[in-house]
Amino acid sequence: MTTGFFGDITSIPFEGPSSTNPLAFKHYDPNEMVAGKRMEDHLRFAICYWHSFCWPGDDPFGGQTFDRPWFPDRMSDPMAAAKLKADVAFEMFSALGAPYFCFHDADVRPEGANFAENTKNLNEIVDYFEGKMADTGIKLLWGTANLFSNRRYMSGAGSNPDPDVFAFAAATVKTCLDATMRLGGENYVLWGGREGYETLLNTNMGSEMDQLGRFFNLVVEYKHKIGFKGTILIEPKPQEPTKHQYDYDVATVYGFLKRYGLEDEVRVNIEQGHAILAGHSFEHELATANALGIFGSIDMNRNDYQSGWDTDQFPNNVPEMAIAYYHIMQAGGFTTGGTNFDSKLRRQSISPDDLLIGHIGGMDCCARGVKAALAMVEDKALSSIVDERYSGWKKPEADKMLTGGFSLGEIAEWVEKADINPQPKSGRQELLENIVNRYV
Ligand code: XLS
Ligand code: NI
Ligand code: NI
């Protein structure tokens, strides 16, 4: 028996590129084998709970636009509402054939009067999820704690000037890590929603950074204590909601991890829209994470390029996505990570099937992007040119320069004796761009 929220739609079929059915996949066939692996296993799709089932459709100038049977204006018993929401959520995950989902504690359980009540409510829903996950085979990509919505967190969580808030947040993360482990989650995400400042006039930055460094270390220590095998991920974002956030971008997060001794313990969950907010491209953030060895997972939702805001739209730019997946696949693909849609509908898209259509489009675009990426990897279409460009580093003198076998003085001697006289070579950018366009 279903809730009926999506009418009689229980499953979205794959119908291929010639289909005009809005409720069918045109490009994503989970069982299609590409480069030796099923598409489902390359992409590892996850659907987020918060935007699809909790967000009311508000914006700074207007309130709720969505009418959902489990919203407070429709149901007075919050636990019953949370369970109906879970029923609909799992119906949608199943219909789309998404292998994973992601949630914050506050998305799934009613807010209690205190910490103990929050924990009790969370555990009741985790029990409920356990049953649904067993019935459907849907798994948890990551769990996380919402340390930004409640007003207690208005000045941050781990970076709050008040140690009581630090404690409340740390205790909450403990319960969410417990829940994630119980549900077999493959990662745990820390997004520093308000770990930053509004004004430096009231901020002790050194103290806030040390607090946050300790906060992350506490999480890692606890992960090892309970034997959680998943990956701890930080999701960089430069600003919004605060003016400046300490987890600004991948490079900043790496510096932070290094300073607090966590560079081998924590990886990054990179969101396309956050990369744009930081003044980077998505592929810049992915390439940085790969170069630093901290790539973990992605939130594949785009921003509007004009709005300067985290608009969390479903992805639809296949050429950009192909390049993003190229960086992921070239480095070996996902391990514990996956493709999460931290995406929300536009507030005018009030029909239940808009939720399905948004995800279908996003999943189809990802499928096209990843196929182009995998073909480029397989053909060495770009890497052969890049490898050739750096091939000079294989000669013995170059190796000595890199590994410390040559001092500055010895390099000078060598340059003089061998009459080293470098000749500029073409960077081949247009050629490479044309090659990419052949694949997308
Ligand atoms: C907000 C973030 C958030 C994280 C999870 O901008 O993207 O949704 O993914 O807390
Ligand atoms: Ni975001
Ligand atoms: Ni996100």
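Structural notes, computed from the coordinates. These numbers were taken from a predicted model, which means no experiment stands behind them.

**Quick word on the site of ligand 1**
Lining the immediate surroundings of ligand 1 are Trp50, His104, Trp142, Trp191, Glu235, Lys237, Glu271, His274, Asp299, Asp310 and Asp342. Within the side chain of Trp50, an N or O atom sits 3.3 Å from an oxygen atom of ligand 1. Take His274: an N or O atom from its side chain is 3.0 Å from an oxygen atom of ligand 1. Burial of ligand 1 by the protein amounts to 94% of the accessible area it has alone, namely 290 Å².

**Thoughts on a nonpolar patch on the surface**
Nonpolar side chains collect at one region of the surface, where Val386, Tyr390, Trp393, Met401 and Leu402 lie side by side and expose about 500 Å² of accessible area between them. Counting through the fold element by element, Tyr390 comes out in the loop between helix H13 (383-389) and helix H14 (396-403).

**Overview of the layout of surface pockets**
As a volume, the second largest pocket reaches approximately 530 Å³. Looking at the second largest pocket, it is lined by 19 residues, and the ones nearest its centre are Arg389, Gly392, Lys395, Gln423 and Lys425. Going through the elements one at a time, H13 and H14 are the ones with two or more residues in the lining of the second largest pocket. Sorting elements by how many residues they give to the lining of the second largest pocket places H13 first, with 3 residues. Broken down by class, the residue content of the lining of the second largest pocket amounts to 8 nonpolar, 6 polar and 5 charged.

**Some points on the packing of aromatic side chains**
If you walk through the whole model with that rule in mind, you get 30 aromatic pairs. Ring geometry for Phe101 and Phe129: centres 5.5 Å apart, planes at 90 degrees, overall edge-to-face. With Phe101 in strand E4 (residues 100-104) and Phe129 in helix H5 (residues 115-136), this residue pair connects regions lying 28 residues apart in the sequence. Residue class for Phe101 comes out buried when judged on its relative accessible area of 0%. Directly above the aromatic system of Tyr128 lies the positively charged group of Lys83, at a separation of 5.5 Å from the ring centroid.

**A few points about the coordination of the nickel ion (ligand 2)**
Within the protein, the nickel ion (ligand 2) binds to Glu271 (OE), His274 (NE2) and Asp310 (OD); these donor distances fall in the range 2.1 to 2.4 Å. If you list the donors of the nickel ion (ligand 2) from N- to C-terminus, the spacing comes out as E-x2-H-x35-D. Between the nickel ion (ligand 2) and the nickel ion (ligand 3) the interatomic distance comes to 3.7 Å, and Glu271 is a ligand of both metals. With Glu271 in strand E10 (residues 266-271) and Asp310 in the loop between strand E11 (295-299) and helix H11 (318-330), the pair connects residues that are 39 residues apart, well separated along the chain. Judged by its relative accessible area of 1%, Glu271 falls in the buried class.

What counts and how
Residues numbered from 1 in each chain as written. Chains lettered and ligands numbered in written order. Predicted model: local features only at pLDDT ≥ 70, side-chain atom pairs only at ≥ 80, totals over all residues. Heavy atoms only, no water. Near = heavy atom within 4 Å. Polar contact = N/O pair within 3.5 Å; in protein donor to acceptor, adjacent residues only side chain to side chain. Areas by Shrake-Rupley, 256 points an atom, 1.4 Å probe, with all protein chains shown as cover. Patch = residues over 30% accessible without salt bridge, like charges linked within 9 Å, V, L, I, M, F, W, Y side chains within 5 Å. Salt bridge = Lys/Arg side-chain N within 4 Å of Asp/Glu carboxyl O. Helix = DSSP H or I, 4+ residues; strand = E, 2+ residues; numbered from the N terminus. 1 Å grid on protein atoms, 1.4 Å probe; cavity = no way out; pocket = protein on both sides within 12 Å on 5 of 7 lines; lining within 4 Å. Points joined across faces, edges and corners; volume = space filled by probe spheres on them. Nonpolar A, V, L, I, M, F, W, Y, C, P; charged D, E, K, R; others polar. Phe/Tyr/Trp six-rings, centres within 6.5 Å; stacked < 30°, edge-to-face > 60°. Buried < 20%, exposed > 50% of the residue type's maximum accessible area, 1.4 Å probe, protein only. Lys NZ or Arg CZ within 6 Å of the ring centre and 35° of its normal. Donors = N, O, S within 2.8 Å, 3.2 Å for Na, K, Ca; no water.

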